[in-house]
Amino acid sequence: MTLIPTDLSATRISDAVRDPNREIAASSGVIDLSVGIVVCIPCFRRPEHLRLTLESLANQRTPRSFAVVMVENDATQRESAPVAAEFLAAGRLQGVCLVEKRQGNCQAINAAFETAQALFPAATRFLMIDDDEIASSDWLELMVRTAEATGADVVGGPVLPMFDDDSKPWLSRHPAFCPAYDYSGAVPLIYGCGNCLITRAAFERFDRPAFDLRFNFLGGGDCDFFVRCRDAGMIFHWTAEAVITETVPQSRTSLGWIAKRGLRIGAINYRVQYKAAQGAAARAGVFAQMLGRLPLSLVRSAGLLTSSKAVVAMHPVMVALGSMLAAFGIEPKPYEASKIVS
């Protein structure tokens, strides 16, 4: 174990954050440079939610030592930084909180993973949790244990919704909120990084930045990264017991928000597939495929109406429409600061 006081490691931290658009806002009194596990947390205008997230990490049931790297992505208000500083100063968590001045989803995630790899050279496993999520008490132990037992390059787990509006429990089955898998085991792909573990070796297979900045305001940089991992032959595993819960405010259960979520998923699908296509013919095929999905989605939605709520049944149509609009260059940008409601 290599424990060093952070006042003696200013050079070390400075070396880890060489980018002039990033700066350290807070650090713990002592940093163990020998930790093998780092939890990364992108933060944006949700300080009270972040407090719950950090409480859940501080209360993890595991004998393993781990560090945290938090990234404040609002360089003006910096509402997350005082909460991060509180936990770090009290020694409840060790690590750093930095400010990423360039706004956007991929900027924040890249800052977290890159800083974690640079500051903790012995770390081989990097987990991520969002600042509106709460980790179950055995989350970290289960994720790391799975990685050890299976040799997986990427481990995923479920993010279960906790609705502020409890009048719509059926929304938990909506594709926008339902986890990709309901079992533990090898899986072909995971789609999001809100509950994931990625090995250092996986990151080292790609150039930086790992998360493509072309997805910065649309979202889906995580899906693109995991598709590239799959195409590189990496192994994915799902741990259904490693549960994270996500707070879903009432604003995200409205018909309008859910429809926009479907459009965004469709746009991400198109962008990821178009990027992966090799050559003009392949890209033309992706374009044609996306256009052809709209009439097929109408049939699928009509079939779902017999067994599902209308808001669920409309999802295939919204996804197909989002893909078609993206094919013509029309995409939402939900991760622009002006579009985000705290």
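Since the structure is predicted, the reported quantities are computational estimates derived from the model, not experimental observations.

**So, the side chain of Ser-28**
Right, on to step 1. In this fold, Ser-28 is placed in the loop between strand E2 (22-27) and strand E3 (30-32).
Right, on to step 2. Ser-28 sits in the buried class, given a relative accessible area of 3%.
Right, on to step 3. A polar contact is formed between the side chain of Ser-28 and the backbone oxygen of Val-30, at a distance of 2.8 Å.

**Brief notes about the pairing of strand E4 (residues 37-43)**
Right, on to step 1. The element E4 is largely enclosed, with a buried count of seven among its seven residues.
Right, on to step 2. Alternating positions in E4 separate into two faces, Ile-37, Val-39, Ile-41 and Cys-43 on one and Val-38, Cys-40 and Pro-42 on the other, with burial throughout.
Right, on to step 3. Looking at chain direction, E4 and strand E7 (residues 125-129) are connected through four bridges and run parallel. Within E7, the position partnered with Val-39 by the bridge is Leu-127.
Right, on to step 4. Taken together, the six bridges between E4 and strand E5 (residues 67-72) define a ladder with parallel strand orientation.

**Thoughts on the sheet that holds E4**
Right, on to step 1. Across the sheet, nine strands lie side by side as E2-E6-E5-E4-E7-E12-E9-E13-E11; this open sheet has mixed pairing. The sheet is open, and its two edges are formed by E2 and strand E11 (185-187), each paired on a single side. Here the average twist between neighbouring strands, direction ignored, is 25°.
Right, on to step 2. Bridge count between E7 and strand E12 (residues 195-199): five bridges; the pairing is antiparallel. Considered in E12, the bridge of Arg-125 is made with Thr-199.
Right, on to step 3. The strands that helix H2 (residues 47-58) touches are E4, E5 and E7; relative to E4, the one it contacts most, it runs at about 170°.
Right, on to step 4. Packing of helix H4 (residues 105-119) onto the sheet brings it into contact with E2, E4, E5, strand E6 (95-100), E7 and E12, and relative to E6 it is tilted by some 140°.

Reading guide: rules and limits
- Residues numbered from 1 in each chain as written.
- Predicted model: local features only at pLDDT ≥ 70, side-chain atom pairs only at ≥ 80, totals over all residues.
- Heavy atoms only, no water.
- Helix = DSSP H or I, 4+ residues; strand = E, 2+ residues; numbered from the N terminus.
- Buried < 20%, exposed > 50% of the residue type's maximum accessible area, 1.4 Å probe, protein only.
- Polar contact = N/O pair within 3.5 Å; in protein donor to acceptor, adjacent residues only side chain to side chain.
- Pairing = 2+ DSSP bridges.
- Axes fitted to C-alpha atoms, helices over the stretch in contact; angles between N-to-C directions.
- Contact = heavy atoms within 4.5 Å.

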